[in-house]
Amino acid sequence: QVQLVESGGGLVQAGGSLRLSCAASGSTFAIKTFGWYRQPPGKQRELVATLSSGGHTNYADAVKGRFTISRVSAKNTVDLQMNSLKPEDTAVYYCKVSNGLAYAAWGQGTQVTVST
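Residues numbered from 1 in each chain as written. Predicted model: local features only at pLDDT ≥ 70, side-chain atom pairs only at ≥ 80, totals over all residues. Heavy atoms only, no water.

(A) Quick peek at the state of the cysteines. Scanning the model with the defined rule gives 1 disulfide in all. Between the sulfur of C22 and that of C95 lies a disulfide, 2.1 Å long from S to S. Disulfide C22-C95: the torsion about the S-S bond is -80°, which places it as left-handed. Within this pair, whereas C22 is found in strand β3 (residues 18-26), its partner C95 is found in strand β9 (residues 91-98), the two being separated by 73 residues in sequence. For C22, a relative accessible area of 1% translates into the label buried. Under the relative-accessibility criterion, C95 is labelled buried at 0%. (Disulfide = S-S within 2.5 Å. Helix = DSSP H or I, 4+ residues; strand = E, 2+ residues; numbered from the N terminus. Buried < 20%, exposed > 50% of the residue type's maximum accessible area, 1.4 Å probe, protein only.)

What follows is the structure in structure tokens.
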């Protein structure tokens, strides 16, 4: 079992930056993939970025060049640096980890609101 706690959300003006952090605890040795997802108001949850244990990253087209996912192994945290934020980035952001098989765990979510 892995427990996840996100932090760093908030209100920011368009063009600004935020850094989200996801702290993992428990059976972190089993984690193969870290990911950030988001759910905009009235829409389905969508992929933002993923990071494999091997260091491979994947980004949604909407955030490429603006967002960066990274991991601090010593702290078992995975961060999402978000730059040049746009109003359409407004969403609840969720951290997710998986073991590459059937197990996955989600955080509770953190709200990001980008104002015009």
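(B) View of the pairing of strand β4 (residues 33-39). Of all the 7 residues making up β4, 5 are buried; the element is thus mostly covered by neighbouring parts of the structure. Bridge count for β4 against strand β5 (residues 46-52) is 6 bridges, and the pairing is antiparallel. Among the inter-strand pairings, F34 is bridged to a residue of β5, identified as L51. Following β4, the chain reverses through 6 residues before pairing antiparallel with β5; G42 in that reversal takes a positive phi of roughly 75°. Two strands pair when backbone bridges link them, and β4 and β9 are joined in this way by 7 bridges, in the antiparallel orientation. Each residue of the ladder has a partner; that of Y37, found in β9, is Y94. (Pairing = 2+ DSSP bridges.)

(C) A look at the pattern of salt bridges. The tally for this structure, following the rule as stated, stands at 5 salt bridges. Between D79 and R19 there is a salt bridge, with its nearest N and O atoms 3.2 Å apart. Taken together, the positions of D79 in strand β8 (residues 77-82) and R19 in strand β3 put the pair 60 residues apart, joining distant regions of the chain. In this structure, the salt-bridge partner of R38 is D89, at a minimum N-O distance of 2.9 Å. In this pair, R38 is assigned in strand β4 and D89 in the loop between β8 and β9, connecting sequence segments 51 residues apart. A residue is classified by how much of its surface remains accessible, and D89, at 0% relative accessible area, is buried. (Salt bridge = Lys/Arg side-chain N within 4 Å of Asp/Glu carboxyl O.)

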